[in-house]
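A look at the structure
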Amino acid sequence: MASAVFLLDLKGKPLIARDYRGDIPLNAIERFMPLLQEREDEEGTGLPVMTENGVTYLHLREKDVYLVALTRKNSNAMTLLQFLHHLSKVFTEYFKTLEEESIRDNFVIIYELLDEMMDYGIPQITEPKILQEYITQESHILEIMPRPPMAVTNAVSWRSEGITYRKNEVFLDVVESINMLVNPNGVVMSSDIQGAVKMKVYLTGMPELRLGLNDKVMFESTGRTAKGKAVEMEDIRFHQCVRLSKFESDRTISFIPPDGEFELMTYRLNAQLKPLIWCESVIESHRGRIEFMVKAKAQFKHRSTANNVEIVVPVPNDADSPKFKSTIGSVKYSPERAAFIWKIKQFQGGKEALLRAHFGLPSIRDEDPERRPPISVKFEIPYFTTSGIQVRYLKIVEKSGYQALPWVRYITKNGDYQLRMPDPLASGESRLPPI
């Protein structure tokens, strides 16, 4: 339960203030920026939840704007942080970008949205599509004000009635992001999978959807045996449309979907993974120059292909005179990032690629190995999942009995994917031929 919500600029000056309960003086927000800076000095990072003099400050930063909720009650912090995320999402839907200028240009409609999305400090309607049906950016010169849609007072507040499509289709994407940290010897120090099930729904009426996954807990609870691999998902988070009681009783994901695009669920898997794209590097440091050799290997099945691969290799800040030679793709030096970027449009599984780079060094200094950033890799592998998660079925039931087409796609991509680099070889240990 929030007492007040503020939108602040980077200096902590209020742009928008909405007091819901009147139990906290509005000048309490003046303590937010000093408190945040104190925590950053102590902890090295700003904490999303801070308390002082009985007032709790919860905040979220978007570009040059802070969204801040204040409460004096023993409120659920995650509920209020989630509300701030929804607030950011709604503003982005309305104004395309959430920044100080767009807030100053749209303060009237922002106050309207704040009144509809929260009542007496309790979150209400947070679905952008429903809000856009009766809170518009156009000025209304009407004797009769537009009525809120039925969805506002419905049990199904995220979907309006009377939606029709000539062609009924559902698109479902299972997107898995790989987070990984690998040491210079190829040993995986940490790895996990962050997954998301994203949907685009173009269905007539109020359809009921049922989604079945190869969920290990479901097979164990029902005593059934999985034909293939079963996956044990952790930290599952659902969209509000999912019937949680149904999921908790028999692990069935049953829901009436919002219209259009939305994220149905997210999950995490802790797994010991091997690097899908491994980069072995050799660095030679000489007087006045530095040389790199990077060998990239696609360590996944031959029938899969990684698209839009980007390997970002850090170099010293004062490196100049770049020379490159690669067996595949293109290489570009990015001085503002102090790195060179190796781009490979398509990298087939089981293949290897080699790159050589040479830079001049105008200054002579000892490099601190602790400050050497790791290699980062970006990629996207369609029709492939690392976890082995599968959509067993997607059933669509609507009272009119129409036939709908479900489409399912799997994508694996990088998350925070980093490969640490070895120490540079001294000039006496040189083993790289000249470019």
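Residues numbered from 1 in each chain as written. Predicted model: local features only at pLDDT ≥ 70, side-chain atom pairs only at ≥ 80, totals over all residues. Heavy atoms only, no water.

**Quick look at a negative patch on the surface**
Residues E40, D41, E42 and E43 make up a contiguous surface patch of negative charge. Within the secondary structure, E43 is located in helix α1 (residues 32-43). (Patch = residues over 30% accessible without salt bridge, like charges linked within 9 Å, V, L, I, M, F, W, Y side chains within 5 Å. Areas by Shrake-Rupley, 256 points an atom, 1.4 Å probe, with all protein chains shown as cover. Salt bridge = Lys/Arg side-chain N within 4 Å of Asp/Glu carboxyl O. Lys, Arg positive; Asp, Glu negative; His and termini not counted. Charge placed at Lys NZ, Arg CZ, Asp CG, Glu CD. Helix = DSSP H or I, 4+ residues; strand = E, 2+ residues; numbered from the N terminus.)

**Quick notes on the packing of aromatic side chains**
According to the stated counting rule, one finds 16 aromatic pairs in the structure shown. With a centroid separation of 5.8 Å and an interplanar angle of 75°, the aromatic rings of Y165 and Y202 are classed as edge-to-face. Placement of Y165 in the loop between α5 (128-134) and β8 (169-182) and of Y202 in strand β9 (residues 188-202) is noted, with a sequence separation of 37 residues between them. Judged by its relative accessible area of 28%, Y202 is partly exposed. For the ring pair Y333 and F359, a centre distance of 5.2 Å and an interplane angle of 65° mean the geometry is edge-to-face. Within this pair, whereas Y333 is found in strand β18 (residues 330-334), its partner F359 is found in strand β20 (residues 352-360), the two being separated by 26 residues in sequence. Through successive ring pairs, a cluster of aromatic residues spans F292, F324, Y333, F340 and F359. The aromatic ring of Y393 is capped on one face by K395, whose charged end is 5.0 Å from the ring centroid. (Phe/Tyr/Trp six-rings, centres within 6.5 Å; stacked < 30°, edge-to-face > 60°. Buried < 20%, exposed > 50% of the residue type's maximum accessible area, 1.4 Å probe, protein only. Lys NZ or Arg CZ within 6 Å of the ring centre and 35° of its normal.)

**Structural notes on the sheet that holds strand β4 (residues 55-62)**
Reading across from one edge, β2-β1-β5-β4-β3 is the order of the five strands in this open sheet, with antiparallel pairing throughout. Both outer strands of the open sheet, β2 (14-19) and β3 (49-52), are each paired with one neighbouring strand and no more. Averaged over neighbouring strand pairs, the angle between their axes works out to 20° when direction is ignored. Bridging between β4 and strand β5 (residues 65-71) involves seven bridges; their strand directions are antiparallel. (Pairing = 2+ DSSP bridges. Axes fitted to C-alpha atoms, helices over the stretch in contact; angles between N-to-C directions.)

**Things to note about a positive patch on the surface**
A cluster of basic residues, K332, R337, K343 and K378, forms a positive patch on the protein surface. On the secondary structure map, K378 appears in strand β21 (residues 375-382).

**Comments concerning the sheet that holds strand β10 (residues 208-213)**
The strand order β12-β10-β22 describes an open sheet built from three strands, whose pairing is antiparallel. Where the open sheet ends on each side, the last strands, each with one partner, are β12 (253-255) and β22 (391-397). In this sheet, neighbouring strand axes are inclined to one another by 10° on average, regardless of whether the strands run parallel or antiparallel. In this sheet, β22 lies alongside β10 in antiparallel orientation, the contact comprising six bridges. What sits directly across from G212, in β22, is Y393.

**What about the nonpolar core?**
Within the largest apolar cluster, 71 residues are counted, with the highest numbers of intra-cluster contacts made by M199, L211, I253, F255, L264, I277 and F292. Looking at this core element by element, the count peaks at six residues for β8. Other than its neighbours up to four places away in sequence, L264 contacts V197, M199, L211, R237, F238, H239, C241, V242, I253 and F255. (Core = buried A, V, L, I, M, F, W, Y, C linked by side-chain atoms within 4.5 Å. Contact = heavy atoms within 4.5 Å.)

**Points about the pattern of salt bridges**
Within this structure, the stated rule accounts for 17 salt bridges. Notably, a salt bridge pairs E100 with R104, separated by 3.0 Å at the nearest N-O pair. Here the residue E100 and the residue R104 both occupy positions in helix α3 (residues 100-105), the gap between them amounting to four residues, near one helical turn. A salt bridge links D423 to R372; its shortest N-O distance comes to 3.5 Å. One end of the pair, D423, is in the segment after β23 (405-419); the other, R372, is in the loop between β20 and β21, with 51 residues separating them in the sequence. Judged by relative accessible area, which is 54%, D423 ranks as exposed.

**Quick word on the confidence of the model for the chain**
On average, the chain scores 87 in pLDDT, and the residues at 70 or more come to 89%. Confidence drops under a pLDDT of 50 for residues 139-145, and excluding neighbours within four residues, the segment shows one contact in the predicted structure. (pLDDT = per-residue confidence, 0-100.)

**Here's the deal with the packing of helix α2 (residues 77-95) against helix α4 (residues 107-117)**
In contact at an axis separation of 12 Å, α2 and α4 are set at 140° when each is read in the N-to-C sense. When the axis of α2 is compared with that of α4, the two are oblique. In the packing of α2 onto α4, the handedness of the crossing is right-handed. Contacts between α2 and α4 pair F83, H86, L87, V90, F91, Y94 and F95 from the former with I109, I110, L113, L114 and M117 from the latter. (Parallel < 35°, antiparallel > 145°, perpendicular 65-115°, else oblique. Left-handed = near helix turned anticlockwise from the far one by under 90°.)

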